[in-house]
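Architecture and fold: a report
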Amino acid sequence: MKRGIVIGSVLALINLPVALVLIEAVSYHVRNRSNGSIVSSGLEREYLVYVPKSYNPSRPTPLVISMHGGAMWPASQKETSQWNRVADEHGFIVVYPSGVSGRGPRAWRAGGGPGLMRDVRFISELIDTLRASYNIDSTRVYANGLSNGGGMTFALSCTLSDRIAAVGVVAPAIFMPWPYCMDRRAVPMIAFHGTADHAVPYHGGKSWVAPNAFPDIPAWTEKWAERNRCGRPVDSLVATDVTRREYTSCADGAAVVLYTVLEGGHTWPGGGPLPEWFVGTTSNSIDATSLMWAFFQERQLLRK
């Protein structure tokens, strides 16, 4: 009997790691699954939508679209950006759409061409889908993204500016050249970028991310200010490691703002933890999501 007990105990210990792995796998799937999908351009496209408890179907509600970086997914963008927390505080709906995986990691086709326009169509159809289910305020739809998602946000500002009131980008991986941005509407924009970002260098150039060079971020921001027909910038110190540059007196009040994080990495300031050994330092001196929402809520589409 004792021998049987010992054997049983050994077998239980052997099987315990397997059971823990299975439990963790199920838990991971639950935490990271999407909760919606639509067919767009012949492909099933997924998204994760969050509706705060304060949502009132009788009241038009703002919509925030937050796009993940390359090789990430909707739930990872949710955890990194912490938009759900801000949505609970201020009562708006958030949706985290998914890029295309194909044969590799999920990514947004933000460099131009037919792939880009299929992604743009997906976002437009996603807005329509959510408007059919919720009372979305069509003048208060906002887009933002991290890295590759930031590049897609820029592309949306050039292709869906009639539907998106303002945009925000964090460490944006910009692949689309400015000449491709034919839409001349002045789109309000707020950006965050670290000076120690080795994936998308603050002052531009090539990195391990892509063979093409990225633009210099201050110069790219100034180009956006020119697009919005802004006046001279005003610089201020926000924290010991954060400076703020704002272009004001812009057309239609479409301000352009750049937060520069000294020694900040390829990260979301004030957001969820990312592996520092891979992406660099995350500053907690500012909360990019809260600052972004404060910028968004002051702006809406002007119906002409």
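Nothing here was measured: the structure is a model prediction, and the numbers come from that model.

On to the packing of helix 5 (residues 148–159) against helix 6 (residues 217–227). Running from N to C, helix 5 and helix 6 cross one another at 15°; their axes reach a closest spacing of 14 Å. In terms of orientation, helix 5 lies roughly parallel with respect to helix 6. Here the hand of the crossing between helix 5 and helix 6 comes out left-handed. Packed against helix 5, whose contacting residues are Phe154, Ser157 and Cys158, the element helix 6 presents Trp220, Trp224 and Arg227 at the interface. A class-by-class count of the residues in the contact of helix 5 with helix 6 yields four nonpolar, one polar and one charged.

The next point concerns the packing of helix 4 (residues 114–133) against helix 5. As a packed pair, helix 4 and helix 5 sit with axes 11 Å apart at the nearest point and diverge in direction by 80°. Taken as axis vectors, helix 4 and helix 5 run roughly perpendicular relative to one another. Every residue of helix 5 that contacts helix 4 at Leu116, Met117, Asp119, Val120 and Ile123 is listed here: Met152, Ala155, Leu156 and Thr159.

Taking 1.5 Å per residue as the helical rise, helix 4 with its 20 residues ought to reach 28 Å, and the 29 Å between its terminal C-alpha atoms agrees with that figure. Of all the positions in helix 4, only Gly115, Leu116, Asp119, Val120, Phe122, Ile123, Ser124, Leu126, Ile127 and Leu130 are classed as buried. In the core, the buried residues of helix 4 are packed alongside strand 1 (36–40), strand 2 (43–50), strand 3 (61–67), strand 4 (93–97), strand 5 (136–146) and helix 5.

A few words on the sheet that holds strand 3. The strand order across the open sheet built from ten strands is 1-2-4-3-5-6-7-12-11-10, with neighbouring strands paired in mixed fashion. With partners counted over all chains shown, the strands left at the sheet margins are strand 1 and strand 10 (233–239), one partner each. Recorded for the sheet is a direction-independent mean angle of 20° between the axes of neighbouring strands. In terms of strand pairing, strand 5 meets strand 6 (residues 166–170) through five bridges, oriented parallel.

Right, let's get into the side chain of Ser283. Relative to the assigned elements, Ser283 resides in the loop between helix 7 (276–279) and helix 8 (288–296). A distance of 3.2 Å separates a polar side-chain atom of Ser283 from the backbone nitrogen of Ser285. With near-sequence residues (within four places) excluded, Ser283 lies in contact with Asp241, Val242, Val261, Pro269 and Gly270.

With 47 residues, the main nonpolar core has Ile123, Phe154, Leu156 and Trp224 as its most contacted residues. Sorting elements by how many residues they give to this core places helix 4 first, with seven residues. Judged by nonpolar contacts, the second largest core, of 32 residues, contains Val86, Ala166, Ala255 and Phe296.

When we look at burial in helix 3 (residues 83–90), the residues that qualify are Trp83, Asn84, Val86 and Ala87. Down the axis of helix 3, the buried set is contained in an arc of 160°. They therefore lie on one face. Those residues of helix 3 that are buried lie in contact with strand 2, strand 3, helix 2 (74–81), strand 4, strand 5 and helix 8. Trailing helix 3 by a residue or two, Gly91 shows a phi angle of about 75°, which is positive.

Bringing the pattern of salt bridges into the picture now. Pairing of side chains with opposite charge becomes possible as their charged atoms draw close. Here the structure, examined in full by the defined rule, presents eleven salt bridges. Close ionic contact of Asp287 with Arg85 constitutes a salt bridge, the shortest N to O distance being 3.0 Å. With Asp287 in the loop between helix 7 and helix 8 and Arg85 in helix 3, this pair connects stretches of sequence that are 202 residues apart.

Next up on the list: the state of the cysteines. Summed over the entire model, instances satisfying the criterion amount to two disulfides. Across a sulfur-sulfur distance of 2.1 Å, Cys230 and Cys250 are joined as a disulfide pair. Residues Cys230 and Cys250 share a disulfide whose torsion about the S-S bond is about 110°; that sign makes it right-handed. Remark: Cys250 occurs in the loop between strand 11 (242–247) and strand 12 (256–261) and Cys230 occurs in the loop between helix 6 and strand 10; sequence separation between them is 20 residues. Comparing Cys230 with Cys250, the two get one shared label, buried.

The next subject is the confidence of the model for the protein chain. Per-residue confidence for the protein chain gives a mean pLDDT of 91, with 88% of residues at or over 70. Below a pLDDT of 50 lies the segment residues 18–29, which in the model reaches two contacts outside its immediate sequence neighbourhood of four places, other chains included.

What counts, and where the lines are drawn
- Residues numbered from 1 in each chain as written.
- Predicted model: local features only at pLDDT ≥ 70, side-chain atom pairs only at ≥ 80, totals over all residues.
- Heavy atoms only, no water.
- Axes fitted to C-alpha atoms, helices over the stretch in contact; angles between N-to-C directions.
- Helix = DSSP H or I, 4+ residues; strand = E, 2+ residues; numbered from the N terminus.
- Parallel < 35°, antiparallel > 145°, perpendicular 65-115°, else oblique.
- Left-handed = near helix turned anticlockwise from the far one by under 90°.
- Contact = heavy atoms within 4.5 Å.
- Nonpolar A, V, L, I, M, F, W, Y, C, P; charged D, E, K, R; others polar.
- Expected span 1.5 Å × (residues − 1).
- Buried < 20%, exposed > 50% of the residue type's maximum accessible area, 1.4 Å probe, protein only.
- Pairing = 2+ DSSP bridges.
- Polar contact = N/O pair within 3.5 Å; in protein donor to acceptor, adjacent residues only side chain to side chain.
- Core = buried A, V, L, I, M, F, W, Y, C linked by side-chain atoms within 4.5 Å.
- Arc of directions from axis to C-beta.
- Salt bridge = Lys/Arg side-chain N within 4 Å of Asp/Glu carboxyl O.
- Disulfide = S-S within 2.5 Å.
- pLDDT = per-residue confidence, 0-100.

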